[in-house]
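Architecture at a glance
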Amino acid sequence: MNQVPNITLNTGAKMPQLGFGVFQIPSDEVVAPVQTAVEAGYRSIDTAAAYGNEAGVGKAISQAGVSRDELFVTTKLWNDSQGYDNALRAFDDSLNKLGLDYVDLYLIHWPMPGQDAYVDTWKAFEKLHSEGRAKAIGVSNFHKAHLRRLFDETGIVPAVNQIELHPNLQQSELREFHTENGIVTEAWSPIGQGKGLLENSGLQTMAEKYGKTAAQVVLRWHVQLGHVAIPKSATPSRVRENLDVFDFELSADDMAAIGELETGNRVGPDPDVFGA
């Protein structure tokens, strides 16, 4: 079984550096992929209220054959449940669907600046953290301005910011800000949803050089930069393949070459305007 390194959060908790994402996998179809992932060696599962599959993920966890304390479970609060009281109710709903007593990480899915509710939402998250029902709390898709406002108006620095991050969108300035403030950078869409990136000739050449796939090369780039990444696949062979990135190391030249692939192109929405 692959041994996945851990990243230490600002709470002291250990988070596996590679996790299994379940975005767009229906609840009635998610049990088998999660079980495949656990069998392959994944110990981190990332879901969200908006994915509509928390119940299926919970069922998979209950049947996974590993103890709860071996798993790191993340879910996220959806945009229509922001605000202090709404967030507390939504968390209870997510926990009930998952069939768990706690989650290891709870994230605000989007800042939704037009709602202007994420500070009150974060105060609810602080309560959940203090109660031990969310072992760590964080955010997703937050920019520096959103994070600074949380710092200024609340008491707890997010443990994680899960952002769109891949070689075409490297977010270097935001990642540096995370490092300065003890926030772990977690990449969603770590291989750019495969939209043209993996066909890049330079990545293909590297893949041949290391005897790996282009996707494995990109995931290794994330690992060497110290990111947490959550590749998603429902294909068993690819689920296992995405984890098989700890037996090689990219050279400094290859890391630099991947760094040159920045285009600024997003596959998802811009957090500054999404929901504004």
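Residues numbered from 1 in each chain as written. Predicted model: local features only at pLDDT ≥ 70, side-chain atom pairs only at ≥ 80, totals over all residues. Heavy atoms only, no water.

**A short note on the overall build of the protein**
A count of helices and strands for the protein gives ten helices and ten strands. Taken over the C-alpha trace, the protein has a radius of gyration of 18 Å; the compact-globule value for 276 residues is 19 Å, and the two agree within 12%. Dimensions of the protein, computed from the C-alpha atoms along their principal axes, are close to 55 × 40 × 30 Å. Counting over 276 residues, the protein shows a buried share of 55%. Residue pairs at least 24 apart in sequence account for 75% of intrachain contacts in the protein once pairs closer than 6 positions are excluded. Summing over all exposed atoms, the protein offers an accessible surface of approximately 11400 Å²; the carbon and sulfur share of this is 46%. Across the protein, 23 positive and 36 negative side-chain charges occur, with their mean positions spaced 3 Å apart. (Helix = DSSP H or I, 4+ residues; strand = E, 2+ residues; numbered from the N terminus. Rg over C-alpha atoms; globule rule 2.2 N^0.38 Å. Buried < 20%, exposed > 50% of the residue type's maximum accessible area, 1.4 Å probe, protein only. Contact = heavy atoms within 4.5 Å. Areas by Shrake-Rupley, 256 points an atom, 1.4 Å probe, with all protein chains shown as cover. Lys, Arg positive; Asp, Glu negative; His and termini not counted. Charge placed at Lys NZ, Arg CZ, Asp CG, Glu CD.)

**Some remarks on the nonpolar core**
Of all hydrophobic cores here, the largest spans 73 residues; its most connected members are Tyr106 and Leu203. Here this core takes seven residues from helix H8 (residues 214-225), the largest share from any one element. Not counting residues within four places of it along the chain, the set of residues in contact with Tyr106 comprises Thr75, Lys76, Leu77, Ala87, Ala90, Phe91, Phe125, Leu128, Ala134, Ala136, Ile137 and Gly138. (Core = buried A, V, L, I, M, F, W, Y, C linked by side-chain atoms within 4.5 Å.)

**What to know about the pairing of strand S9 (residues 184-188)**
Within S9, five of the five residues are buried, leaving the element largely enclosed by the surrounding structure. Pairing of strand S8 (residues 160-164) with S9 involves five bridges; the strand directions are parallel. Residue pairing across strands places Val160 opposite Val184, the latter belonging to S9. Since S8 and S9 lie parallel, the crossover through helix H6 (residues 172-180) that links them has a hand, and here it is right-handed. Of the pairings in the sheet, the one linking S9 to strand S10 (residues 228-229) comprises two bridges and is parallel in character. When the sheet's bridge partners are listed, Glu186 is paired in S10 with Val228. (Pairing = 2+ DSSP bridges. Right-handed = clockwise from strand over helix to strand, strands pointing away.)

**Topic: the packing of aromatic side chains**
Per the stated rule, a full pass over the model turns up nine aromatic pairs. Taking 5.3 Å as the distance between ring centres and 75° as the angle between the ring planes, the aromatic pair formed by Tyr118 and Phe142 counts as edge-to-face. Of this pair, Tyr118 sits in helix H4 (residues 118-130) while Phe142 sits in the loop between strand S7 (137-140) and helix H5 (144-153), placing them 24 residues apart in sequence. Side by side, Tyr118 and Phe142 carry an identical accessibility label, which is buried. Ring plane angle 45° and centroid distance 5.5 Å describe the contact between Tyr210 and Phe248, whose orientation is recorded as tilted. Pair noted here: Tyr210 is in helix H7 (residues 201-210) and Phe248 is in the loop between helix H9 (236-243) and helix H10 (252-259), with a separation of 38 residues, a long-range link. Accessibility assignment for this pair places Tyr210 and Phe248 in one class, buried. Through pairs of rings, three or more aromatic residues link up here, namely Phe91, Tyr106, Trp122 and Phe125. (Phe/Tyr/Trp six-rings, centres within 6.5 Å; stacked < 30°, edge-to-face > 60°.)

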